[in-house]
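# Observations on the model geometry
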2 protein chains.
Amino acid sequence: MEEKYFAVDLSVALVHHPVLNKHGDTIASALTNLDLHDIARSSKTYGVNTFYVVTPLGDQQVLAKRIIDHWLDGFGGKYNPHRKEAVELIKVMGSLKAVVDDIRQRREKHPKMVGTSAKNVPGSIGYDKLKSLLFDGDPYLLLFGTAWGLSDELISQVDYFLGPISGISGYNHLSVRSASAIILDRLLGRND
Amino acid sequence: MEEKYFAVDLSVALVHHPVLNKHGDTIASALTNLDLHDIARSSKTYGVNTFYVVTPLGDQQVLAKRIIDHWLDGFGGKYNPHRKEAVELIKVMGSLKAVVDDIRQRREKHPKMVGTSAKNVPGSIGYDKLKSLLFDGDPYLLLFGTAWGLSDELISQVDYFLGPISGISGYNHLSVRSASAIILDRLLGRND
C-alpha cells in the first residue's frame, strides 16, 4: 500500500448563531470587524485551511463580504498585501450545516467537530491529546463562539470539546480573538 | 536566611511611541480601543501586574482614560464586571521612562526589559528560557509595539529579546492582540 503523508487539515468557524447572550438566551450576534482580521491572520500563521464566518443574517453576510472585498480587491489589498493573504482564507456561510457541506465537498468526509468554551464541559479533551489526533489525516473543524459562547444545543453535537484556557489567576474572560490565537498556538505552534 | 517565595512579577507595556510605520520611520501611532480591552483581559488571565499603555500624545492619553473610566465608573462596569476587573490593570503613561519609574517605585528595582518583534533579532532568547528567568523574583517588563513594531533604538535598550512566534506557514503577521495573548500563554499558561 502506498504510504501517504497527511498534513493537518484544520478549519476554523467563528459562530454568530447559535450563541448565547449574557442571560443564556440563544441569539445571533453581530459581526466584529477585528474578529475577522485577527482570526484570519492567526489562521494564516498556523496553516488553517479555511476560516468560516458563520452568520444566518443577510445584512451581516453583506457586511462581512464588504470587509473581505476591501482587502481582496479594494484599497486594502494594495496597501497591505499581507492582510490580503490572510483575508483570502475567509468564507462567509449562513449555517454550520453549510460549513460541514463545504468541507465534505472538498474532502468527501464529514469533518470532526471540536467545540471550545470558557466553561468547563464534562468529558473535555486536553490540548496535547487533540494535537496528536489532528495528524490522523481527517478534516477537523474548530468552533469558536462569539458573544457569551456556543449554545448548549451546538455543544451537544460536537465530537470533541477542548477545556477552557487556564491562566494562573482563575480569571477566564479572554476575547475570542485572543482565545483563538492561543488555541491555534497550543495545537499547531512550534514553541521554539 | 529567611526563605521567600517569589511569584512572577511581570508587567506589559503596549508602546505607541517610538514605533515604526510601514516605511520604517519612527512615529507615534494611534490607540486602538480593542487593544486595550483584549490585552487587559489577557493580562488579567495570566496574572500580569500592570498593563501600561504608553503614548506621549495628550489627546490619546485622554482617549485612553475615557475608555478606562467607562469601564471602571461608567455603565460598562455595571454591565460587565469581568471587564472592569481587567481594565483595572491599565495605567496610561507618557513614556517608557515613566513606566520604568513606576515599577522602580513599587519594587525599588529596575525592571528587566523584554522586547518582542515579528522580525528575527540576533541574540534573541527562547520562550522556555525566559519562562525560567521570570521566576527569579525580579520585576520584568514585556514590551509590545503597535503599528510596524518597536523602533530599533528601543530594541537596542532591552535586556532580552523574544524571537518571533513561528506558526507552520512562514506567515508572520499576527495582530498585537493575538501575539501578546500567545506570548503570555507560552510564558505563563498552564497547558492542561
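Since the structure is predicted, the reported quantities are computational estimates derived from the model, not experimental observations.

Right, let's get into the overall build of chain A. A count of helical and extended segments in chain A gives eight helices and eight strands. Computed over its C-alpha atoms, the radius of gyration of chain A comes to 16 Å, within 12% of the 16 Å expected for a compact globule of 192 residues. If you line up chain A on its principal axes, its C-alpha atoms span 55 × 45 × 35 Å. Looking at chain A as a whole, 55% of its 192 residues qualify as buried. If you take every contact in chain A between residues at least 6 apart in sequence, the share linking residues at least 24 apart comes to 77%. Total accessible area on chain A stands at roughly 8800 Å², and carbon and sulfur atoms take up 51% of it.

Residues and elements named next belong to chain B. Tracing the chain through its elements places I155 in helix α7 (residues 152-155). Taking C-alpha positions, I155 is 9.5 Å from L143, a pair spaced twelve residues apart along the chain. Each residue touching I155, except ones within four places of it in the same chain, is listed here: V121, L150 and F161.

Residues and elements named next belong to chain B. Applying the stated rule across the entire model yields 20 salt bridges over all chains. Measuring nitrogen to oxygen at the nearest pair gives 3.0 Å for the salt bridge that ties K91 to D102. Within this pair, whereas K91 is found in strand β5 (residues 90-93), its partner D102 is found in helix α5 (residues 96-107), the two being separated by eleven residues in sequence. Of the charged contacts, one joins D136 and K112 as a salt bridge, the two residues approaching to 3.0 Å between their closest N and O atoms. Here D136 is found in the loop between α6 (127-133) and β7 (139-145), whereas its partner K112 is found in strand β6 (residues 112-116), with 24 residues between them in sequence. For D136, a relative accessible area of 32% puts it in the partly exposed group.

To continue, consider the environment of D69 of chain B. Residues and elements named next belong to chain B. As for its position among the elements, D69 is in helix α2 (residues 58-72). The partly exposed category is assigned to D69, whose relative accessible area is 41%. Residues D69 and R106, 37 residues apart in the sequence, show an inter-C-alpha distance of 23 Å.

Here is what the cut-offs are and how they apply
Residues numbered from 1 in each chain as written. Chains lettered and ligands numbered in written order. Predicted model: local features only at pLDDT ≥ 70, side-chain atom pairs only at ≥ 80, totals over all residues. Heavy atoms only, no water. Helix = DSSP H or I, 4+ residues; strand = E, 2+ residues; numbered from the N terminus. Rg over C-alpha atoms; globule rule 2.2 N^0.38 Å. Buried < 20%, exposed > 50% of the residue type's maximum accessible area, 1.4 Å probe, protein only. Contact = heavy atoms within 4.5 Å. Areas by Shrake-Rupley, 256 points an atom, 1.4 Å probe, with all protein chains shown as cover. Salt bridge = Lys/Arg side-chain N within 4 Å of Asp/Glu carboxyl O.

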